[in-house]
Amino acid sequence: GAVVSQHPSWVICKSGTSVKIECRSLDFQATTMFWYRQFPKQSLMLMATSNEGSKATYEQGVEKDKFLINHASLTLSTLTVTSAHPEDSSFYICSARLHEISYNSPLHFGNGTRLTVT
Amino acid sequence: AQKVTQAQTEISVVEKEDVTLDCVYETRDTTYYLFWYKQPPSGELVFLIRRNSFDEQNEISGRYSWNFQKSTSSFNFTITASQVVDSAVYFCALRPTNTGNQFYFGTGTSLTVIP
């Protein structure tokens, strides 16, 4: 089945530093990938839609300068949390659809990245 | 409005009991898709099932079964003879066809199966 790989699984960084999270579709190409954020015991919140070869589409309330998204190829999207603060600590999870033009195609999720900012 | 409600925040059952996780959705779209995902403690979300709005047939897959009732806008999930490995957070999601790429997730139900 479709596999989405996310790296790193967890990261601890100091306030003010930047952290890059990678999301790769391993056995399929994805022109569109999605980045979600999940707070403890809460649902997934869509942050942005990553589009290969063009700018990401951010959801309302998500700072594009804070969360930089780059979709450089059909198999890789990166999320960079810039100038991280403790409130950015969260679980970040990416996803992609195997068949992008099919509405019933489920999202396949990466294993997530737990970010802790100290 | 597009919305998914999972009223049960946490459920605990004893192993081998049956358990039903409720999901109620709201949408104005006439065509939409519904999904269930499992999130074990390790964090990754695992796709379990999808259902389109035109197919109200219930589905059974091993110990899992799903009851889709359009009349009540519900898509409930039952685990029969629960096992400890079923312990996870379960999310119900809605994908209307007229909202681009957006999936609407419920807040999840945390299921604990006690041995």
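Every chain is numbered independently, its residues counted from 1 as its sequence is written. Key to labels: chains lettered from A, ligands numbered from 1, both in the order written. Only residues with pLDDT of 70 or above have their local features reported here, since the model is predicted, and side-chain atom pairs are shown and tallied only from 80 upward, although totals for entire chains, interfaces and linings are computed over all residues. The side-chain numbers reported here are obtained from all heavy atoms of the structure, hydrogens and water having been left aside.

1. A closer look at the environment of S9 of chain A
All names here are of chain A. Rule in force here: Comment: elements are numbered from the N terminus, with helices defined as DSSP H or I runs of at least four residues and strands as E runs of at least two. Note on classification: 1.4 Å probe, protein chains only; a residue is buried when its accessible area is under 20% of the maximum for its type, exposed when over 50%, partly exposed between these limits. Throughout, a residue-residue contact means that at least one pair of heavy atoms, one from each residue, lies within 4.5 Å. Here a polar contact means two N or O atoms within 3.5 Å. Within protein one must be a hydrogen donor candidate and the other an acceptor candidate, and residues neighboring in sequence count only if both atoms are side-chain atoms.
Along the chain, the position of S9 falls in the loop between strand 1 (4–7) and strand 2 (10–13). Its relative accessible area of 39% is what places S9 among the partly exposed residues. Sequence-wise, S9 and N111 are 102 residues apart; in three dimensions their C-alpha atoms are separated by 7.0 Å. Every residue in contact with S9, bar those within four places of it in the chain, is listed here: N111, G112, T113 and R114. There is a polar contact of 3.4 Å between the side chain of S9 and the side chain of N111.

2. Section: the packing of aromatic side chains
To keep it simple, the criterion reads: For Phe, Tyr and Trp, where Trp contributes only its six-membered ring, two rings pair if their centres lie within 6.5 Å, and the inter-plane angle classes them as stacked under 30 degrees, edge-to-face over 60, or tilted in between.
All chains considered together, the criterion is met by 20 aromatic pairs over all chains. With centroids separated by 6.0 Å and ring planes inclined at 50°, the aromatic side chains of Y37 of chain B and F105 of chain B adopt a geometry described as tilted. In this pair, Y37 of chain B sits in strand 5 (residues 32–39) while F105 of chain B sits in strand 11 (residues 104–105), placing the two residues 68 residues apart along the sequence. A residue is classified by how much of its surface remains accessible, and Y37 of chain B, at 0% relative accessible area, is buried. For the pair F77 of chain B and Y90 of chain B, a centre-to-centre distance of 5.5 Å together with 65° between the ring planes defines the contact as edge-to-face. You can see F77 of chain B sitting in strand 9 (residues 74–79) and its partner Y90 of chain B sitting in strand 10 (residues 88–96), a full 13 residues away along the chain. On the basis of relative accessible area, Y90 of chain B is assigned to the buried category, the value being 0%. Feature note: the residues Y36 and F109 of chain A together with F35, Y37, F47, F91, F103 and F105 of chain B constitute an aromatic cluster, connected by ring pairs.

3. As for the state of the cysteines
Note on terminology: disulfide describes a covalent bond linking the sulfur atoms of two cysteines. The cut-off we apply is this: The term disulfide is used for any two cysteine sulfur atoms that are within 2.5 Å.
Applying the stated rule across the entire model yields two disulfides over all chains. The disulfide that involves C23 of chain A links it to C94 of chain A, with 2.0 Å between the sulfurs. Where C23 of chain A bonds to C94 of chain A through sulfur, the torsion about that S-S bond is close to 80°, and the disulfide is right-handed. Of the two residues, C23 of chain A sits in strand 3 (residues 19–25) while C94 of chain A sits in strand 9 (residues 90–97), which places them 71 residues apart along the sequence. The two residues C23 of chain A and C94 of chain A agree in class, both being buried. Each sulfur of the disulfide joining C23 of chain B and C92 of chain B lies 1.9 Å from the other. Taking the torsion about the sulfur-sulfur bond, which here is approximately -65°, the covalent link between C23 of chain B and C92 of chain B counts as left-handed. With C23 of chain B in the loop between strand 3 (19–21) and strand 4 (24–26) and C92 of chain B in strand 10, this pair connects stretches of sequence that are 69 residues apart. Judged by its relative accessible area of 0%, C23 of chain B is buried. Between C13 of chain A, a cysteine without a disulfide, and C94 of chain A, which holds the nearest cysteine sulfur, the sulfur-to-sulfur distance is 18 Å. Note on C13 of chain A: relative accessible area 8%, which makes it buried.

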